[in-house]
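# Coordinate inspection notes
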Amino acid sequence: MVVAQTSPKLPKTYQVTGPITALTDEIITVQKGKDLWEIGRAKDAKVTGELKVGEKVTVEYRMTAASIEVKAAKAPVKKK
């Protein structure tokens, strides 16, 4: 009997490229245009090269919800 193994579906990956403006073991901040992108660093994230402030990097990341709030839909207005 063959059992197919399925891995959990992961969210789509995205990229941001720019210079590092701040760096800790947990967070990397990248400047894209006038915006600063603060991205959490996974402990097992693959790093090629030496990370340091000022270096230009391309970060591949996935979006993950931190919390979700459901708001009830408004009832349709009845016409008279």
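Shown above is the structure to which this text applies.
Everything in this summary refers to the structure shown in the same document. (Residues numbered from 1 in each chain as written. Predicted model: local features only at pLDDT ≥ 70, side-chain atom pairs only at ≥ 80, totals over all residues. Heavy atoms only, no water.)

On to the overall build of the protein. In terms of regular secondary structure, the protein is built from zero helices and four strands. From first element to last, N terminus to C terminus, the protein shows the α and β order β-β-β-β. On C-alpha atoms alone, the protein measures out to a radius of gyration of 20 Å, which is more than a quarter above the 12 Å that the 2.2 N^0.38 rule sets for 80 residues. With respect to the three principal axes, the spread of C-alpha positions in the protein is 65 × 55 × 20 Å. Scored against the burial criterion, the 80 residues of the protein give a buried share of 12%. Element-wise, carbon and sulfur atoms account for 54% of the exposed surface of the protein, whose accessible area totals about 7800 Å². Here the protein contributes 15 positively and 9 negatively charged side chains, and the mean placements of these two sets differ by 16 Å. (Helix = DSSP H or I, 4+ residues; strand = E, 2+ residues; numbered from the N terminus. Rg over C-alpha atoms; globule rule 2.2 N^0.38 Å. Buried < 20%, exposed > 50% of the residue type's maximum accessible area, 1.4 Å probe, protein only. Areas by Shrake-Rupley, 256 points an atom, 1.4 Å probe, with all protein chains shown as cover. Lys, Arg positive; Asp, Glu negative; His and termini not counted. Charge placed at Lys NZ, Arg CZ, Asp CG, Glu CD.)

In total, this model carries two aromatic pairs according to the counting rule given. Through pairs of rings, three or more aromatic residues link up here, namely Tyr14, Trp37 and Tyr61. (Phe/Tyr/Trp six-rings, centres within 6.5 Å; stacked < 30°, edge-to-face > 60°.)

With that settled, the discussion passes to the nonpolar core. Grouped together as the largest cluster of nonpolar side chains are eight residues: Val16, Ile20, Ile28, Val30, Ile39, Val57, Val59 and Tyr61. Of all the elements, strand β4 (residues 56–62) adds the most residues to this core, at three residues. Not counting residues within four places of it along the chain, the set of residues in contact with valine 57 comprises Val16, Thr17, Gly18, Ile20, Ile28, Val30 and Leu51. (Core = buried A, V, L, I, M, F, W, Y, C linked by side-chain atoms within 4.5 Å. Contact = heavy atoms within 4.5 Å.)

For the rest of this paragraph, the subject is the environment of leucine 10. Here leucine 10 shows up in the segment before β1 (13–23). Residues leucine 10 and methionine 63, 53 residues apart in the sequence, show an inter-C-alpha distance of 9.8 Å.

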